[in-house]
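So the chains spell out like this:
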Amino acid sequence: MNNRLMILAVSLVVLLLTACETKAVNNDKKENKMKTIELTKADFLTKVMDYENNPKEWKYLGDKPAIIDFYASWCGPCKMVAPILEELAEEYDGQIYIYKVNTEEEQELAAMFGIRSIPSILFIPMEGQPQMAMGAMPKSSFKEAIDSVLLKK
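Given the structure is predicted, the values throughout are model-derived calculations rather than measurements.

Counting its regular elements, the chain contains five helices and five strands. Listed N to C, the secondary structure of the chain is α-β-α-β-α-β-α-β-β-α in terms of helices and strands. Residue burial in the chain is summarised as follows: out of 153 residues, 39% are buried. For the chain, the proportion of contacts with a sequence separation of at least 24, taken over those separated by at least 6, is 70%. With an accessible surface of roughly 9200 Å², the chain has 55% of that area assigned to carbon and sulfur atoms.

Following this line, the structure appears as structure tokens:
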């Protein structure tokens, strides 16, 4: 029980620090760095894949590789991954897109990809099939996947 309280406390601190950092960045008008991008179904159909008109074949519509974070606002591990993705959006600015899909608001998208646990992270290279990872990952794992799967470094 003591370990669970510790994990909860650490998660809360991370969440509070993220909220403070996000507020500070949002108040800085000079900040032009890319951030993660919320996707609705309409955005998904134009930026990622038009599964309504082409349901049987994966055809990525983007001009850069992408990551899609399927998350929910109440999910603790999702909240731990969020600041990592924000950092990566800045570090890989201009090289990849980092999208977020709220599974509570975009249930059709979640169903389309068979999302059963969150966070679920979809890595989309420019060519080939996307790859799904389940659960929270450390920043080093994200960077390794970005470099090897998306940017082919």
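Let us now look at helix α5 (residues 139-150). Here α5 spans 15 Å end to end across 12 residues, near enough to the 16 Å set by a 1.5 Å rise per residue. For α5, the complete set of buried residues consists of F142, A145, I146, V149 and L150. The buried residues of α5 all sit within an arc of 105 degrees when viewed along its axis, so they share a single face. α5 presents S140 and E144 as exposed residues on the side facing more than 90 degrees away from its buried surface. Contact partners of the buried residues in α5: β2 (66-71), α3 (76-91), β4 (120-124) and β5 (131-134).

In this section: the packing of α3 against α5. Relative to each other, α3 and α5 sit at 40 degrees, their axes nearing to 10 Å. The angle between the axes of α3 and α5 places the two elements in the oblique class. Taken as a pair, α3 and α5 cross one another with a handedness that is right-handed. Counted together, V81, I84, L85, E87, L88 and E91 of α3 and K139, F142, K143 and I146 of α5 form the full contact between these two elements. When its residues are assigned to classes, the contact of α3 with α5 shows six nonpolar, no polar and four charged.

All told, the structure shown has six aromatic pairs when counted by the stated rule. A network of ring pairs unites the aromatic residues F44, Y51, W58, F70 and F113 as a single cluster. In this structure, K100 is placed above the aromatic ring of Y71, and the distance from its NZ or CZ to the ring centre is 4.4 Å.

Criteria and thresholds
Residues numbered from 1 in each chain as written. Predicted model: local features only at pLDDT ≥ 70, side-chain atom pairs only at ≥ 80, totals over all residues. Heavy atoms only, no water. Helix = DSSP H or I, 4+ residues; strand = E, 2+ residues; numbered from the N terminus. Buried < 20%, exposed > 50% of the residue type's maximum accessible area, 1.4 Å probe, protein only. Contact = heavy atoms within 4.5 Å. Areas by Shrake-Rupley, 256 points an atom, 1.4 Å probe, with all protein chains shown as cover. Expected span 1.5 Å × (residues − 1). Arc of directions from axis to C-beta. Axes fitted to C-alpha atoms, helices over the stretch in contact; angles between N-to-C directions. Parallel < 35°, antiparallel > 145°, perpendicular 65-115°, else oblique. Left-handed = near helix turned anticlockwise from the far one by under 90°. Nonpolar A, V, L, I, M, F, W, Y, C, P; charged D, E, K, R; others polar. Phe/Tyr/Trp six-rings, centres within 6.5 Å; stacked < 30°, edge-to-face > 60°. Lys NZ or Arg CZ within 6 Å of the ring centre and 35° of its normal.

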